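Breakdown of the fold
Residue strings, one per chain:
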Amino acid sequence: MNYRKFIKTRKKELITLFVILLLSSSYVIILNFAEIEEQKRISELKLPIIKKISFEEYTLGGLVYVNNSIWAISPSKKALIGFNESGDVLAYFSLNLSAPWGVSYRDGLFYIVDSLTSNIYTFNISSSKSSFVMSTNLTLLKGISWASGKLFVVDISRSTVYKVNITSKTVTAFSTNVQLEAPTGITWNGTSLWLADMS
């Protein structure tokens, strides 16, 4: 596992998170997070692993937890894959994208970033169709997450989190109050944004 730091950007609280932010890996690691101080970095994570699921034929990018299922992007297969916590594959959808990576979910749609074009797309599993949302004009997008009705993306080459307005088609830098080096993942637990930094 290449991640060395997880960064919490909001207030202290007791939570459990599914860690679904892996880079060039064929595993999903589910960890139990205890109380973390505000803006504290956790180097060389030594948290109790709840479960490790192996997918040797897939390289996994971004993942998201939706309705008791884990949905993963496989950049190598250019696919969206749904599976349960036992590792059983429940659904497989091919994506007509150049380099899909990060994924988030809202209102019945998966939001996916293409790391090669830095475009954002939606994918509807009912119709098996992807739709272009907007171009961000950024460099190398990896993570994407909805948080309190707002959409965020991370650009690993710019070491920056951005807030995206898909209505006005605008992108603005978002301050995390911590120095990022190589952010590759972002997720929201209902209260706080969590970032994964590969440095």
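So, here is what we can say about the structure in this document. Only a predicted model underlies this, so the values are computations on that prediction, with no experimental measurement involved. (Residues numbered from 1 in each chain as written. Predicted model: local features only at pLDDT ≥ 70, side-chain atom pairs only at ≥ 80, totals over all residues. Heavy atoms only, no water.)

1. With respect to the overall build of the protein chain
Each helix and strand counted, the protein chain has zero helices and 18 strands in total. Out of the 199 residues in the protein chain, the part that is buried amounts to 51%. About 9,200 Å² of surface is accessible on the protein chain, with carbon and sulfur atoms providing 45% of the total. (Helix = DSSP H or I, 4+ residues; strand = E, 2+ residues; numbered from the N terminus. Buried < 20%, exposed > 50% of the residue type's maximum accessible area, 1.4 Å probe, protein only. Areas by Shrake-Rupley, 256 points an atom, 1.4 Å probe, with all protein chains shown as cover.)

2. Some points on the environment of leucine 140
One can find leucine 140 in the loop between strand 12 (129-135) and strand 13 (141-147). With near-sequence residues (within four places) excluded, leucine 140 lies in contact with Ser115, Ser118, Val154, Asp155, Ile156 and Ser157. (Contact = heavy atoms within 4.5 Å.)

3. A few points about the nonpolar core
Core analysis: the largest hydrophobic core is formed by 14 residues, its most contacted members being Trp71, Leu80, Leu95, Val103, Phe110, Ile112 and Phe123. Sequence-distant contacts of valine 103, that is, excluding residues within four places in its chain, are made with Gly62, Leu63, Val64, Trp71, Ile73, Leu80, Phe110, Tyr111, Ile112 and Ile144. One finds Met134, Leu141, Trp146 and Val164 within the second-largest nonpolar core, a separate group that totals 13 residues. (Core = buried A, V, L, I, M, F, W, Y, C linked by side-chain atoms within 4.5 Å.)

4. Here's the deal with the sheet that holds strand 15 (residues 160-165)
Pairing within the open sheet is antiparallel, and its four strands lie in the order 13-14-15-16. The two strands at the open ends of the sheet, each matched to only one other strand, are strand 13 and strand 16 (170-174). When strand polarity is set aside, the average angle formed by the axes of neighbouring strands in this sheet is 30°. Alignment of strand 15 against strand 16, held across five bridges, turns out to be antiparallel. Within strand 16, the residue paired with valine 164 across the bridge is valine 171. (Pairing = 2+ DSSP bridges. Axes fitted to C-alpha atoms, helices over the stretch in contact; angles between N-to-C directions.)

5. Quick notes on the packing of aromatic side chains
Both the distance between ring centres and the angle between the ring planes are used here to describe each pair of aromatic rings. Under the defined criterion, the tally for this structure stands at seven aromatic pairs. Measuring from ring centre to ring centre gives 6.3 Å for tryptophan 71 and phenylalanine 93, while their planes differ by 25°; the resulting arrangement is stacked. Of this pair, tryptophan 71 sits in strand 6 (residues 69-74) while phenylalanine 93 sits in strand 8 (residues 89-94), and the two are 22 residues apart along the sequence. Taken as a pair, tryptophan 71 and phenylalanine 93 share a single burial class, namely buried. Here tyrosine 121 and phenylalanine 132 contribute two aromatic rings whose centre-to-centre distance is 5.7 Å and whose plane-to-plane angle is 75°, an arrangement assigned as edge-to-face. Of this pair, tyrosine 121 sits in strand 11 (residues 119-124) while phenylalanine 132 sits in strand 12; the two residues are 11 residues apart in sequence, bridging distant segments of the chain. Members of the aromatic cluster, connected to one another through ring pairs, are Trp71, Phe93, Tyr105, Phe110 and Phe123. Across the ring face of tryptophan 146, the terminal group of arginine 106 is positioned such that the distance to the ring centre comes to 4.3 Å. (Phe/Tyr/Trp six-rings, centres within 6.5 Å; stacked < 30°, edge-to-face > 60°. Lys NZ or Arg CZ within 6 Å of the ring centre and 35° of its normal.)

6. Overview of the environment of valine 154
You can see valine 154 is positioned in strand 14 (residues 150-155). The class of valine 154 is buried, set by a relative accessible area of 0%.

On their own, these measurements won't tell you what the molecule is for.
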